[in-house]
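# Remarks on the overall topology
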Amino acid sequence: MGKDYYKILGVTKGASKDEIKKAFRKLAHAYHPDKPNGNEEKFKEVSEAYTVLGDDTKRAEFDAYGRVFNGSQGG
């Protein structure tokens, strides 16, 4: 099984798009590589999670199969 994008963003599986966006913005701000205490690896992980969960089609695939099949999955 791949990454749990809900856990990465700290939201529940039933979270609304708004909740997902707010969680992403908060974490992206905290981990941004330009910040003194930034973490590029975490920032990329959070961005990847938002790319999937912020898109209805990708989110449905992730919910159904635990991964996304269109090639956007990180390696």
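Residues numbered from 1 in each chain as written. Predicted model: local features only at pLDDT ≥ 70, side-chain atom pairs only at ≥ 80, totals over all residues. Heavy atoms only, no water.

### What about the side chain of Arg 59?
Basically, it comes down to this: Helix and strand definitions here come from DSSP, where helices need a minimum of 4 consecutive H or I residues and strands a minimum of 2 consecutive E residues; each element is numbered from the N-terminal end. The cut-offs for exposure are 20% and 50% of the maximum accessible area for each residue type, with area from a 1.4 Å probe on protein chains only; residues under the lower value are buried, those over the upper are exposed, and the others partly exposed. The charged-residue count follows a simple rule in which Lys and Arg add positive charge and Asp and Glu add negative charge, with His and chain termini not counted at all. Any carboxyl oxygen of Asp or Glu that lies within 4 Å of a side-chain nitrogen of Lys or Arg is treated as forming a salt bridge with it. In the analysis that follows, any N or O atom pair within 3.5 Å is treated as a polar contact, provided that within protein one partner can donate a hydrogen and the other can accept it, and provided that, for residues neighboring in sequence, both atoms belong to side chains.
In this structure, Arg 59 sits in helix H4 (residues 56-65). It is Asp 63 that comes nearest to the buried, bridge-free Arg 59 among opposite-charge side chains, at 4.2 Å. Within the local environment of Arg 59, its side chain forms a polar contact with the backbone oxygen of Lys 13, the two atoms lying 2.9 Å apart.

### Re the packing of aromatic side chains
Each aromatic ring pair is specified by the distance between its two centres and by the angle formed by the two planes. The test is simple: Between rings of Phe, Tyr and Trp, where Trp is taken as its six-membered ring, a pair exists when centres lie within 6.5 Å; planes separated by under 30 degrees are stacked, by over 60 edge-to-face, and by other angles tilted.
Counted by the stated rule, this structure contains 3 aromatic pairs. Relative to Phe 62, the ring of Tyr 6 has its centre 5.9 Å away and its plane inclined at 45°; by these criteria the two rings are tilted. Taken as a pair, Tyr 6 in helix H1 (residues 5-9) and Phe 62 in helix H4 lie far apart in primary sequence, 56 residues in all. When the ring of Phe 24 is compared with that of Tyr 50, the centres are 4.3 Å apart and the planes differ by 10°; the resulting orientation is stacked. Here Phe 24, found in helix H2 (residues 17-31), pairs with Tyr 50, found in helix H3 (residues 40-53); they are 26 residues apart in sequence, far enough to count as distant. Aromatic rings pair up to connect Tyr 5, Tyr 6 and Phe 62 into one cluster.

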